[in-house]
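Working through the structure, step by step
Letter by letter, the chains look like this.
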Amino acid sequence: DPTGHVLGNDAASSWAATAGAGDVLSGIAGALLAAGRSPLVAGASAARVHARAAQLASGGAPIGASTLLAALRPAIREFTTRPARTRAGTAPSAR
């Protein structure tokens, strides 16, 4: 972003590089923007969830957009049920 913040995605999956997959990605990002997330967070979160859904759905083969869509709910669930992480990669202490 313009302030110099950079976010990475360690869940890359080439199996999502198929027709319609970009539409799924832009839909996720658009939904996050509409929910009030910043462009940086919306883009990074969309990329991460999209890649994770592709990993869950692929089974080692290319997937279509409908298969990717079906895997979104489990991918999102993984992120919403995990404890938050700090910059150091450890769970924050309970207060």
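See the structure above.
Residues numbered from 1 in each chain as written. Predicted model: local features only at pLDDT ≥ 70, side-chain atom pairs only at ≥ 80, totals over all residues. Heavy atoms only, no water.

So, the nonpolar core
Just so we agree on the cut-off: Buried Ala, Val, Leu, Ile, Met, Phe, Trp, Tyr and Cys residues form a nonpolar core when they are joined through side-chain atoms within 4.5 Å. In this scheme, a residue with accessible area under 20% of its type's maximum is buried, one over 50% is exposed, and one in between is partly exposed, where area comes from a 1.4 Å probe on protein chains only. Numbering of helices and strands runs from the N terminus, with a helix taken as a DSSP run of H or I at least four residues long and a strand as a DSSP run of E at least two residues long. Two residues qualify as a contact provided that any one of their heavy atoms is within 4.5 Å of a heavy atom in the partner residue.
Among the nonpolar cores identified, the biggest contains 15 residues, and Val24, Ile28, Ala53, Ala54, Leu68 and Leu72 are the most heavily contacted of them. Breaking this core down by element, the ones donating at least two residues are helix H1 (21–34), helix H2 (39–58) and helix H3 (65–81). Sort the elements by how many residues they give to this core and H3 lands first, with 5 residues. Those residues within four positions of alanine 54 in sequence are excluded, and the remaining contacts are Ser13, Ala16, Ile63 and Leu68.

With respect to the pattern of salt bridges
Side chains bearing opposite charge may pair, as long as their charged atoms lie close to each other. To keep things clear, this is the line we draw: A carboxyl oxygen of Asp or Glu within 4 Å of a side-chain nitrogen of Lys or Arg is what we treat as a salt bridge.
As enumerated under the stated definition, the model contains 1 salt bridge in all. Between arginine 52 and glutamate 78 there is a salt bridge, and its shortest N-O distance comes to 2.8 Å. A residue pair is termed long-range when its members are at least 10 positions apart, and arginine 52 in helix H2 and glutamate 78 in helix H3 qualify at 26 residues.

Notes on the packing of H1 against H2
Quick reminder of the rule: Axis definition: a line fitted to C-alpha atoms, over the contacting stretch in the case of helices. Angles run 0 to 180 degrees between N-to-C directions. The cut-offs work like this: below 35 degrees is roughly parallel, past 145 is roughly antiparallel, 65 to 115 is roughly perpendicular, and the gaps in between are oblique. Handedness of a crossing follows from how the near helix is turned relative to the far one, being left-handed for an anticlockwise turn of less than a right angle and right-handed for a clockwise one. Residue classes follow a fixed rule: Ala, Val, Leu, Ile, Met, Phe, Trp, Tyr, Cys and Pro count as nonpolar, while Asp, Glu, Lys and Arg count as charged, and any other residue, Gly among them, counts as polar.
Packing of H1 against H2 brings their axes to within 8 Å, and their N-to-C directions diverge by 140°. In terms of orientation, H1 and H2 fall into the oblique class. For the element pair H1 and H2, the recorded crossing hand is right-handed. Mapping the contact onto sequence places Ala21, Val24, Leu25, Ile28, Ala29, Leu32 and Leu33 in H1 and Pro39, Ala42, Ser45, Ala46, Ala47 and His50 in H2. Across the contact of H1 with H2, the residue classes break down as 11 nonpolar, 2 polar and no charged.

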